[in-house]
Amino acid sequence: MLKIVMDTAGDLPEGWQKQYDIDLIPINIIHGGKTYLQGIDISYEDFYQLVEEEGTIPSTSQPTPFQFTEFYRKIAKPDDKILSIHVTEKLSGTMDSAVQAAAELKGELKVTPFDSASGTLMMGMMAKEARIMDRAGKTLEQILERLKTIRKEHRLVFTLDTLKFARMSGRIKHLQAALASLLKVKPIIELKDGTLEMGEKVRSRTQSIELVISKLEKTFKDKRLMVGIVYARDQKSGADLLKQVIEHFNCAEAILGELSISLAAHFGPGTLGIAAYPAEE
């Protein structure tokens, strides 16, 4: 049996975890000297309330190699294979922890860590594709080839509504130099080759959304797409963007999900993002 694991820097639309049998290993959320596990003892709304009440951003840390080994042992039997999909290693040590755990368990469990070079809904979409292929009788090697293609072809673009969280978090170091002078604009941030890059800067929310859509149109043109819209504490804006995307693109599937705490801690409420890649012909 193939076990599919994803860390919670990735996101899943409601119902997908059960429908596609995906095991989630939580990111650690640290605040006030206490460690919380995302999705287990801290919810999205708990996180935002902590920020509002304390005026500080909780920090995040990857699961340790020990947490991974214990998790893998809990979910799998010796005859199982584990495909473990993780947030880009250029922004987190999660992938490294998974690799260390896989090495430690060699001879006990068969673990294949996979660097998504991405995050949020893109990881969830990869996990879903993997499960669908598994149920269709595809081998792990065939699944990995498909995931590598998605990793190469996908785009993940965000527009931030506020730079307050990015300024407080201090974790997006390569953006820091630009933040002080950009507090009144709506920046476009894109994940490229596994790293975050700040792109164009516009004055209004409407302009930023138009720019994000334009970027994807230039990349994908009329290709049939798998698309995910992600939002942070603003489901209405996320649903509105989903509607625009369906009108603009030839979508094989278009889904909506909430931004993980590990990214919301740096991007803040009001963030909207689009994850997209070509559907398999």
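Going by the structure above, here's the rest.
Residues numbered from 1 in each chain as written. Predicted model: local features only at pLDDT ≥ 70, side-chain atom pairs only at ≥ 80, totals over all residues. Heavy atoms only, no water.

Visitor: Explain the overall build of the protein chain to me, please; I cannot follow it from the model alone.
Guide: In terms of helices and strands, the protein chain carries 11 helices and 13 strands. If one aligns the C-alpha atoms of the protein chain with their principal axes, the spans along those axes are about 55 × 50 × 30 Å. Across the 281 residues in the protein chain, those meeting the buried criterion constitute 54%. Long-range pairs, those at least 24 residues apart, make up 76% of the contacts in the protein chain between residues at least 6 apart in sequence. Per element, the accessible surface of the protein chain, about 12,900 Å² overall, is 49% carbon and sulfur. The positive charge centre, built from 37 side chains, and the negative charge centre, built from 39, are 3 Å apart in the protein chain. (Helix = DSSP H or I, 4+ residues; strand = E, 2+ residues; numbered from the N terminus. Buried < 20%, exposed > 50% of the residue type's maximum accessible area, 1.4 Å probe, protein only. Contact = heavy atoms within 4.5 Å. Areas by Shrake-Rupley, 256 points an atom, 1.4 Å probe, with all protein chains shown as cover. Lys, Arg positive; Asp, Glu negative; His and termini not counted. Charge placed at Lys NZ, Arg CZ, Asp CG, Glu CD.)

Visitor: Looking at this model, I keep getting lost on helix H9 (residues 205-220). Mind explaining?
Guide: An α-helix turns once every 3.6 residues. As a result, residues three or four positions apart point the same way. Here H9 contains 16 residues, and its C-alpha end-to-end distance of 23 Å stays within 8% of the 22 Å for a straight helix at 1.5 Å per residue. All of the buried residues in H9 are Arg205, Ser208, Ile209, Leu211, Val212, Ile213, Lys215, Leu216 and Phe220. Directly after H9, the chain includes Lys221, whose backbone phi takes a positive value near 50 degrees. (Expected span 1.5 Å × (residues − 1).)

Visitor: I keep staring at the sheet that holds strand S10 (residues 195-202) and nothing clicks. Help me out?
Guide: For sheets, the rule is that strands pair by backbone hydrogen bonds, running either parallel or antiparallel. Strand order in the open sheet formed by six strands is S10-S9-S8-S13-S11-S12, and the pairing between neighbours is mixed. Either end of the sheet is taken by a strand with one partner, and the two such strands are S10 and strand S12 (250-258). With strand direction ignored, the average angle separating the axes of adjacent strands in the sheet is 20 degrees. Both strand S11 (residues 224-231) and strand S13 (residues 272-278) contribute to a ladder of seven bridges, which runs antiparallel. (Pairing = 2+ DSSP bridges. Axes fitted to C-alpha atoms, helices over the stretch in contact; angles between N-to-C directions.)

Visitor: Sorry, what's going on with the pairing of S12 here?
Guide: The two faces of the sheet receive side chains in turn, since in a regular strand these alternate between them. The pairing of S11 with S12 spans eight bridges and is parallel. Bridging across to S12, Met226 finds its partner in Glu253.

Visitor: How do you make sense of the pairing of strand S3 (residues 28-31) when you look at a structure like this?
Guide: Sheet topology note: the S3/strand S4 (residues 34-37) ladder contains four bridges and is antiparallel. Residue Asn28 lies in a different strand from S4, and its bridge partner there is Leu37.

Visitor: I'm lost on the nonpolar core in this one. Help?
Guide: Buried together is how nonpolar side chains tend to be arranged in soluble globular proteins. Core analysis: the biggest nonpolar cluster contains 56 residues, and Phe47 and Leu83 have the highest contact counts within it. Look past the residues within four positions of Leu83 in its chain and what remains in contact with it is Leu2, Lys3, Ile4, Val5, Thr112, Phe114, Ala130, Leu140, Ile143, Leu144 and Leu147. With 21 residues, the next largest nonpolar core counts Val157, Ile188, Leu211 and Leu242 among its residues. (Core = buried A, V, L, I, M, F, W, Y, C linked by side-chain atoms within 4.5 Å.)

Visitor: Explain the packing of aromatic side chains to me, please; I cannot follow it from the model alone.
Guide: What describes a pair of aromatic rings is the distance from one ring centre to the other and the angle between the planes of the rings. For the structure shown, the criterion picks out four aromatic pairs. Summarising the aromatic geometry, the rings of Trp16 and Tyr20 are spaced 5.5 Å apart at their centres and angled 85 degrees between planes, so their arrangement reads as edge-to-face. For the pair Phe158 and Phe267, a centre-to-centre distance of 4.9 Å together with 65 degrees between the ring planes defines the contact as edge-to-face. Remark: Phe267 occurs in helix H11 (residues 261-267) and Phe158 occurs in strand S8 (residues 155-159); sequence separation between them is 109 residues. Classification of Phe158 by relative accessible area gives buried; the value is 1%. On the accessibility criterion, Phe267 (0% relative accessible area) is buried. (Phe/Tyr/Trp six-rings, centres within 6.5 Å; stacked < 30°, edge-to-face > 60°.)

Visitor: Quick question: what am I supposed to make of unusual backbone geometry here?
Guide: In most cases, non-glycine residues show a negative phi, while peptide bonds are predominantly trans. Not every positive phi belongs to a glycine, and Asp193 is a case in point at roughly 50 degrees. By secondary structure assignment, the location of Asp193 is in the loop between strand S9 (186-192) and S10. Of note in the backbone geometry, Lys221 takes a positive phi value of approximately 50 degrees without being a glycine. Residue placement: Lys221 occurs in the loop between H9 and S11.

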